[in-house]
Amino acid sequence: MNIWIVKSKDVNETSVEIHCQEETEQVKRLKKHIEGYEERIQGKCDGQIMYVDTQDILYFESVDQTTFLYTKDKVLSTNYRLYELEKILEETTFFRCSKSVIVNVKKIVTLRPEITRNILATLCNEEVIVISRRYVAAFRKLIDKS
């Protein structure tokens, strides 16, 4: 892959073109990643509404019909349901790893298989997320593409 940055004083807005022979899954993921680069998710913390860049989110978790988003130093509630977040974040670095969790794969530091066929994923903040055996095959497929 070749990457160039072309500066011009005549340009009013930054734009990106992807040149390829065919639109592969990798190209589609790259496009989605670029489109979502500045995407933010709204959350609430201590009565305040906050906007969090998706690249700063470690994972989402649904507990007792409330969805939470976790960053390195904050936990916020959000009005989105996990299925809505899956749709918003499809073809990005987020992966549904269990019935109640969507994890940012880019934040995973280590993986440890369990005898139960689950995988324990340690995140960059040393928190451990379980990748349920139901989702392991899709997870392996995803990381093999990366």
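Here, every reference points to the structure presented above.
Residues numbered from 1 in each chain as written. Predicted model: local features only at pLDDT ≥ 70, side-chain atom pairs only at ≥ 80, totals over all residues. Heavy atoms only, no water.

Here's the deal with the pairing of strand 3 (residues 59-63)
Phase 1 of the analysis: Bridging between strand 3 and strand 4 (residues 66-70) involves five bridges; their strand directions are antiparallel. Paired with Phe60 across the bridge in strand 4 is Leu69.
Phase 2 of the analysis: In textbook terms, the turn of a hairpin is the stretch between consecutive antiparallel strands, and for strand 3 and strand 4 this stretch comprises two residues, one of which, Asp64, has a positive phi near 50 degrees.
Phase 3 of the analysis: Bridge count for strand 3 against strand 7 (residues 101-104) is three bridges, and the pairing is antiparallel. (Pairing = 2+ DSSP bridges. Helix = DSSP H or I, 4+ residues; strand = E, 2+ residues; numbered from the N terminus.)

With respect to the packing of aromatic side chains
Phase 1 of the analysis: Overall, the coordinates contain three aromatic pairs when judged by the stated rule.
Phase 2 of the analysis: On the basis of an interplanar angle of 10 degrees and a centroid distance of 4.2 Å, the ring pair of Tyr59 and Tyr70 is categorised as stacked. On the criterion of sequence distance, the pair formed by Tyr59 in strand 3 and Tyr70 in strand 4 is long-range, its members being eleven residues apart. This pair shows no difference in class: Tyr59 is buried, exactly as Tyr70 is.
Phase 3 of the analysis: Ring geometry for Phe95 and Phe139: centres 5.5 Å apart, planes at 50 degrees, overall tilted. Residue Phe95 is located in strand 6 (residues 94-98), and its partner Phe139 is located in helix 3 (residues 133-145); the two are separated by 44 residues in the primary sequence. Taken individually, Phe95 and Phe139 each receive the classification buried, so the pair is uniform in this respect. (Phe/Tyr/Trp six-rings, centres within 6.5 Å; stacked < 30°, edge-to-face > 60°. Buried < 20%, exposed > 50% of the residue type's maximum accessible area, 1.4 Å probe, protein only.)

So, empty space enclosed by the protein
Phase 1 of the analysis: If you walk through the whole model with that rule in mind, you get one cavity of 30 Å³ or more.
Phase 2 of the analysis: Space inside the largest cavity adds up to approximately 30 Å³.
Phase 3 of the analysis: Looking at the largest cavity, the residues that line it are Gln42, Gly43, Lys44, Ser77, Thr78 and Asn79.
Phase 4 of the analysis: For the lining of the largest cavity, the secondary structure elements donating two or more residues are strand 1 (40-45) and strand 5 (75-78).
Phase 5 of the analysis: The element contributing the most residues to the lining of the largest cavity is strand 1, with three residues.
Phase 6 of the analysis: Of the residues in the lining of the largest cavity, the class split is no nonpolar, five polar and one charged. (1 Å grid on protein atoms, 1.4 Å probe; cavity = no way out; pocket = protein on both sides within 12 Å on 5 of 7 lines; lining within 4 Å. Points joined across faces, edges and corners; volume = space filled by probe spheres on them. Nonpolar A, V, L, I, M, F, W, Y, C, P; charged D, E, K, R; others polar.)

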